[in-house]
Amino acid sequence: MDAIDFNIIQALQEDGRLSNVELAERVNLSPSPCLRRVKRLEQEGVITSYRANLDREKSGLPMTIFVDVTLDNNKDHASTEFEQAVLEKDYVISCFLVSGVADYRLEIVTKDLKGYEKALHQTQALPHVKSINSNFAIRTVKTAASLPLVFDG
């Protein structure tokens, strides 16, 4: 990745809806080479997707819960089965394998406590779940930030 690629991904992180012409102007390229670079960054997996960031409250999902999950064993098959099951759960918007007391940290969004209760029961039923510890977000301070990229070239 060179400085131009870096500038392209910085600009797209700030505004993924930029047209190719607008993006090319921002990074001082003509549109054709700019588009080729974007396509290459997509093919290489640097750019993985484009999406709209939604306001959780206005979207009807104001409750965010961080759920720490401990599995009943640490064998590869247990982790694989748990991760596959998590991928199928729409209410889980992020999942991380973590170090510490828990094995995984899930970020769950719901409409209300009744929705959380349903999500909790579904999470407890996932393969190899031994224990769950939940923490409710009181207020969002920062979310969906751009990656803090640093160009080393």
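Residues numbered from 1 in each chain as written. Predicted model: local features only at pLDDT ≥ 70, side-chain atom pairs only at ≥ 80, totals over all residues. Heavy atoms only, no water.

Provide a residue-level description of the side chain of T64, including the pertinent values.
The residue T64 is located in strand β1 (residues 63–71) in this model. Setting aside residues up to four positions removed in sequence, T64 forms contacts with R56, E107, I108, V109, N135, F136 and A137. (Helix = DSSP H or I, 4+ residues; strand = E, 2+ residues; numbered from the N terminus. Contact = heavy atoms within 4.5 Å.)

Requested: an account of the side chain of H128, with residues and values cited.
When you line up the elements, H128 lands in the loop between α5 (113–124) and β4 (129–136). For H128, a relative accessible area of 19% puts it in the buried group. In contact with H128, other than residues within four places in its own chain, are T70, L71, D72, N73, H77, A78 and E81. (Buried < 20%, exposed > 50% of the residue type's maximum accessible area, 1.4 Å probe, protein only.)

Explain the nonpolar core residue by residue, including any values.
Counting 16 residues, the largest nonpolar core has V69, F82, L106 and I108 as its most contacted members. Listed by contribution, the elements that provide at least two residues to this core are β1, α4 (76–87), β3 (104–110) and α5. The leading source of residues in this core is β1, at four residues. Those residues in contact with L106, other than ones at most four positions away along the chain, are I65, F66, V67, V69, F82, V86, V92, S94, C95 and T123. (Core = buried A, V, L, I, M, F, W, Y, C linked by side-chain atoms within 4.5 Å.)

The analysis is restricted to geometry; functional conclusions fall outside its scope.
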